[in-house]
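So the chains spell out like this:
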Number of protein chains: 2
Amino acid sequence: MNVVHVDLGSRSYPIHIEQNGLAKLGPILKKLFSTNRIQTNHAVIVSDENVAGIYLTQVADQLELVHDKVDSVIVPAGEKTKSVAQLESLWQKLVELESDRKSTVYALGGGVVGDLAGFLAASFARGISFVQIPTSLLAQVDSSVGGKVGINLPAAKNIVGAFWQPECVVIDPNVLLTLEEREYVSGLAEVVKYGVIMDTPFFNYLENSIANIKAKDPSTLSHIIKRCCELKAAIVKADEHETSGRRAILNYGHTYGHAIESVFGYGRFTHGEAISIGMNCAARLAIQLGLAEQELLTRQTALLTELGLPVECPADKHVELNKAMKRDKKVQNGVLMLVLPIKIGHVELVPSPGETPILESLHCE
Amino acid sequence: MNVVHVDLGSRSYPIHIEQNGLAKLGPILKKLFSTNRIQTNHAVIVSDENVAGIYLTQVADQLELVHDKVDSVIVPAGEKTKSVAQLESLWQKLVELESDRKSTVYALGGGVVGDLAGFLAASFARGISFVQIPTSLLAQVDSSVGGKVGINLPAAKNIVGAFWQPECVVIDPNVLLTLEEREYVSGLAEVVKYGVIMDTPFFNYLENSIANIKAKDPSTLSHIIKRCCELKAAIVKADEHETSGRRAILNYGHTYGHAIESVFGYGRFTHGEAISIGMNCAARLAIQLGLAEQELLTRQTALLTELGLPVECPADKHVELNKAMKRDKKVQNGVLMLVLPIKIGHVELVPSPGETPILESLHCE
């Protein structure tokens, strides 16, 4: 088994990455709870319709090995579930299930379930235990690690939330075999991101592993997930609450990407697809500004394309995209800060050069 | 000026207790922000209709000395304001006001405003700065110190929330002169509580200061508020997140009190009145169980009564009260834990002796 430690002082936790890990959840948790002296007799699994249909019974059976009482709540799949209304209904559900400070919330699903269930745990009875069991590639390599949890308001994504670290994360790469192809490919955008922002050898490895990645080769998947978790854990350790600026590099492609998601509607592009397009826009801007060489964009475009990701921003709505980018959370004292690549394996935080270069960066040549 | 330091490592903060402190808010904050290198250009004051009518202009004027932009949001007065609907509307309001991670929320009001605005700050953009300006005695001596923030669900009080420490607390005892008499007297219940649970000399001081307390003598008020803040700060330091059990002693009278509030409806008794009755029930139970002497109850009853607080539990609904107490958050492994006084200045956490003694303790002799 691969274990990555997220080192955050009293909030430290392990990430277990193991083939068929769902079937070993009980023993993994039993050991963790006894080591950390965590008393928790009540489990509440939060999952979505799609994931629950495949994995709920197996997970509940395993949790019965460590909890006296195991309940589950199923929410609709999709980003709309990260709403105040859904959160309120989950709060009430926890009360109905007689949850208390010793209850543990399990997030069984992708990023939406992890974010929602994580904030549920952060805010119920002033914060209860929480375990992430991410079932999408995106959640396994990114959103389940680092403690960012929350919901959306109609006017702003992820604006309500907390930093709330889980007791542990259990990742079973096998679940990716039942993941929808488009979701799987979308998750690869974040995988490529890690290579570009901080790990040249990992980017090279990805370039050399395309066939294995597309075939979901088990050992390739395990290696990729483990490396991404290690990289994310290092950044989160350096900047748990996003105060030093270090954590901002994880947002490579995201200022463009969030604008693309919001302007084109959340249905048209998945998060990963929008990030893929966004990374290419950011790379194009870096080249325009003389910060990076053309080769960087060429290699990044080739890798994303071969993995099946879109890289071109639709030709319409560029003005709206530019406007949406200005509403980004990384605006500091009125200046938008962009994460731009300098070379494969290194990015920097750069103040926006203004409207014209940004509009140009949206155009593909 | 009196300053009490709440010592919580990186989350430490000062409580400023000063006559006419509201008029000096700007300079107090200016010094704090420059010492702690806090950058915050945007202030959002949350207040209720009653308090805002008297103090909003003065506070906003002071905040303009330290922030570029000062906004305010007024909520209805009363416990019903601690609702999901109100919280949602405040989240949206913060977005409309273009709040970001550098915004600071000011809670200008009593416990309801402090709890609601505190959780707003804890949950917006994963947690932003927060300053408490408590205007009721209850909030000044208790709820504004210690970081407990949250809202109610219809089925459970304070069940949604967080531990979120403020940047500072500014207490102006003069505001108590405009507080409704019943609210002022209610706050005295928590003041008496501190004497009983942990400070014999303070209880003696209260016994000897009744006329000054009733007359709201400024130096008596300052002394009382300061001492209560010191006592609460010591407990919060020892048990910030209510994990060791130490913080539980603050709930003296509260298991009975919460049941009284809930069974008789939140309109009939104020929180302080219910706590006053609850403390007398708890003292009666301690005597029944042979844990305390009759003198304790006699002195406690005399002090509470002379301060104008009720001490007798209404004769009906005792069965409902007993049931409601079993739903208390201090149930551990199915056993209700009660905070019972041993002598003036000392309480202990005792497992419930069962239904009959509890029912007896509800009856006055």
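Residues numbered from 1 in each chain as written. Chains lettered and ligands numbered in written order. Predicted model: local features only at pLDDT ≥ 70, side-chain atom pairs only at ≥ 80, totals over all residues. Heavy atoms only, no water.

## A closer look at the overall build of chain A
Counting secondary structure elements, chain A contains 14 helices and 12 strands. The globule rule puts the C-alpha radius of gyration for 365 residues at 21 Å, and the 20 Å found for chain A is close to it. Considering only C-alpha atoms, chain A reaches an extent of 60 × 40 × 35 Å along its principal axes. Across the 365 residues in chain A, those meeting the buried criterion constitute 60%. When the accessible surface of chain A is totalled, it reaches about 14,000 Å², and 50% of it is carbon and sulfur. (Helix = DSSP H or I, 4+ residues; strand = E, 2+ residues; numbered from the N terminus. Rg over C-alpha atoms; globule rule 2.2 N^0.38 Å. Buried < 20%, exposed > 50% of the residue type's maximum accessible area, 1.4 Å probe, protein only. Areas by Shrake-Rupley, 256 points an atom, 1.4 Å probe, with all protein chains shown as cover.)

## Some thoughts on the domain arrangement of chain A
Residue and element names in this part refer to chain A. Under the domain assignment, chain A is made up of domain 1 (2–178) and domain 2 (190–362). Just the C-alpha atoms count here: the centres of domain 1 and domain 2 sit 27 Å apart. Across the boundary between the two partners, domain 1 contributes 27 residues, which contact 26 residues of domain 2. Here domain 1 packs against domain 2, burying approximately 2,400 Å² in sum over the two surfaces, 64% of which is carbon and sulfur. Applying the counting criterion to the domain 1 and domain 2 interface returns 6 salt bridges. Salt-bridge contacts for Lys 157 lead to Glu 261; the nearest nitrogen and oxygen are separated by 3.4 Å. (Domains from an automatic or database assignment. Contact = heavy atoms within 4.5 Å. Buried area = accessible area lost by both parts, 1.4 Å probe. Salt bridge = Lys/Arg side-chain N within 4 Å of Asp/Glu carboxyl O.)

## Here's the deal with the pattern of salt bridges
Scanning the entire structure with this criterion turns up 44 salt bridges over all chains. A salt bridge links Glu96(A) to Lys93(A); the nearest nitrogen and oxygen atoms lie 4.0 Å apart. Here Lys93(A) and Glu96(A) lie together in helix 3 (residues 84–96), a separation of 3 residues that amounts to about one turn. By relative accessible area, which is 56% here, Glu96(A) ends up exposed. Accessibility expressed as a relative area gives 31% for Lys93(A), which makes it partly exposed. Glu18(B) is the partner of Lys24(B) in a salt bridge, and the nearest nitrogen-oxygen pair spans 2.8 Å.

## What about helix 12 (residues 294–306) of chain B?
All names here are of chain B. If you check helix 12, its first and last C-alpha atoms are 18 Å apart, about what 13 residues at 1.5 Å a residue would give, namely 18 Å. For helix 12, the set of buried residues is Leu 296, Leu 297, Gln 300, Leu 303 and Leu 304. For helix 12, the arc enclosing every buried residue in end-on projection is 140°, short of the 170-degree limit, so these residues lie on one face. Elements that come into contact with the buried residues of helix 12 comprise helix 6 (181–198), helix 7 (200–207), helix 8 (210–214), helix 11 (271–288) and strand 11 (335–343). Trailing helix 12 by a residue or two, Gly 308 shows a phi angle of about 95°, which is positive. (Expected span 1.5 Å × (residues − 1). Arc of directions from axis to C-beta.)

## A closer look at the side chain of His16(A)
On the secondary structure map, His16(A) appears in strand 2 (residues 13–17). With sequence-adjacent residues up to four places away left out, His16(A) is seen in contact with Met1(A), Asn2(A), Val3(A), Ile28(A), Val169(A), Val170(A) and Ile171(A).

## Remarks on the interface of chain A and chain B
Counting from both sides, the interface comprises 30 residues of chain A and, opposite them, 30 residues of chain B. Contact with chain B buries area across many residues of chain A, yet Trp91(A), Arg101(A) and Arg126(A) alone supply 27% of it, more than any other trio. Where chain A meets chain B, there are 2 salt bridges. The closest approach of N and O atoms between Glu242(B) and Arg101(A), which form a salt bridge, is 3.5 Å. Where chain A meets chain B, there are 4 residue pairs in polar contact (both at pLDDT 80 or more). Mapped onto the side of chain A that touches chain B, the elements with two or more residues apiece are helix 3, helix 4 (111–123), strand 7 (148–153) and strand 8 (156–163) of chain A. The dominant element in the side of chain A that touches chain B, judged by the number of residues it contributes, is strand 8 of chain A, at 7 residues. When the residues that make up the side of chain A that touches chain B are grouped by side-chain class, the tally is 17 nonpolar, 7 polar and 6 charged. (Polar contact = N/O pair within 3.5 Å; in protein donor to acceptor, adjacent residues only side chain to side chain. Nonpolar A, V, L, I, M, F, W, Y, C, P; charged D, E, K, R; others polar.)

## Topic: the sheet that holds strand 9 (residues 168–171) of chain B
Residue and element names in this part refer to chain B. The strand order 1-2-9-6-5-3-4 describes an open sheet built from 7 strands, whose pairing is mixed. Every interior strand has two partners, whereas the edge strands, strand 1 (2–6) and strand 4 (69–75), have only one. For this sheet the average axis-to-axis angle between neighbouring strands, irrespective of direction, equals 20°. Sheet topology note: the strand 6 (residues 129–134)/strand 9 ladder contains 2 bridges and is parallel. Bridging across to strand 9, Gln 132 finds its partner in Val 169. Contacts from helix 1 (residues 25–35) reach strand 2 (13–17), strand 5 (103–109), strand 6 and strand 9, with the element oriented near 160° to strand 9. (Pairing = 2+ DSSP bridges. Axes fitted to C-alpha atoms, helices over the stretch in contact; angles between N-to-C directions.)

## With respect to the side chain of Ser129(B)
Residue and element names in this part refer to chain B. The topology assignment puts Ser 129 in strand 6. Overall, the relative accessible area of 15% leaves Ser 129 in the buried class. Polar side-chain contacts of Ser 129 include one of 3.4 Å to the side chain of Glu 167. In this structure Ser 129 touches Ile 38, Ser 103, Thr 104, Val 105, Ala 121 and Glu 167, once residues within four positions along its chain are discounted.

## Examining the packing of aromatic side chains
Per the counting criterion, the structure on display carries 4 aromatic pairs over all chains. When the ring of Phe202(B) is compared with that of Tyr205(B), the centres are 6.4 Å apart and the planes differ by 10°; the resulting orientation is stacked. In this pair, Phe202(B) and Tyr205(B) are both assigned in helix 7, 3 residues apart and thus about one turn of the helix distant. Residue classification places Phe202(B) among the buried residues on the basis of a relative accessible area of 3%. Tyr205(B) sits in the partly exposed class, given a relative accessible area of 25%. Arranged with centres 5.9 Å apart and planes meeting at 90°, the rings of Phe264(B) and Phe269(B) form a pair that is edge-to-face. For the pair Phe264(B) and Phe269(B), a shared accessibility class is recorded, and that class is buried. Here the basic side chain of Arg126(A) rests over the ring of Phe163(B), its NZ or CZ set 5.9 Å away from the ring centre. (Phe/Tyr/Trp six-rings, centres within 6.5 Å; stacked < 30°, edge-to-face > 60°. Lys NZ or Arg CZ within 6 Å of the ring centre and 35° of its normal.)

## Topic: the relation of the copies chain A and chain B
Note on the identical chains: chain A maps onto chain B by a rotation of 180° and an axial translation of 0.0 Å, with an RMSD of 0.0 Å. Such values leave the two copies arranged in the relation of a two-fold axis. A high fraction, 100%, of the interface residues of chain A reappear at the interface in chain B, so the copies pair face to face through one surface. (Least-squares fit on C-alpha atoms with pLDDT ≥ 70 in both.)

## Section: the packing of helix 7 (residues 200–207) of chain A against helix 12 (residues 294–306) of chain A
Residue and element names in this part refer to chain A. One way to put it is that helix 7 packs onto helix 12 with a least axis distance of 10 Å and a crossing angle of 45°. Relative to helix 12, the element helix 7 is oriented oblique. Crossing angle aside, the handedness with which helix 7 passes helix 12 is left-handed. Contact residues: helix 7 offers Phe 203, Asn 204, Leu 206 and Glu 207, while helix 12 offers Arg 299, Gln 300 and Leu 303. Tallied by class, residues from the contact of helix 7 with helix 12 come to 3 nonpolar, 2 polar and 2 charged. (Parallel < 35°, antiparallel > 145°, perpendicular 65-115°, else oblique. Left-handed = near helix turned anticlockwise from the far one by under 90°.)

## Examining the sheet that holds strand 1 (residues 2–6) of chain A
Residue and element names in this part refer to chain A. Taken together, 7 strands build an open sheet; the order of strands is 1-2-9-6-5-3-4 and the sheet is mixed. On the outer flanks of this sheet lie strand 1 and strand 4 (69–75), each paired with one strand and no other. The sheet shows a mean angle of 20° between the axes of neighbouring strands, direction not considered. Strand direction decides the pairing type here: strand 3 (residues 42–48) and strand 4, joined by 7 bridges, are parallel. The residue bridging Val 46 from the neighbouring strand is Val 73, located in strand 4. On top of the sheet, helix 2 (residues 49–63) reaches strand 3, strand 4, strand 5 (103–109) and strand 6 (129–134); it is set at about 160° to strand 3, its chief contact. Helix-sheet contacts for helix 3 involve strand 3, strand 4 and strand 5, and the interaxial angle to strand 4 is about 160°.

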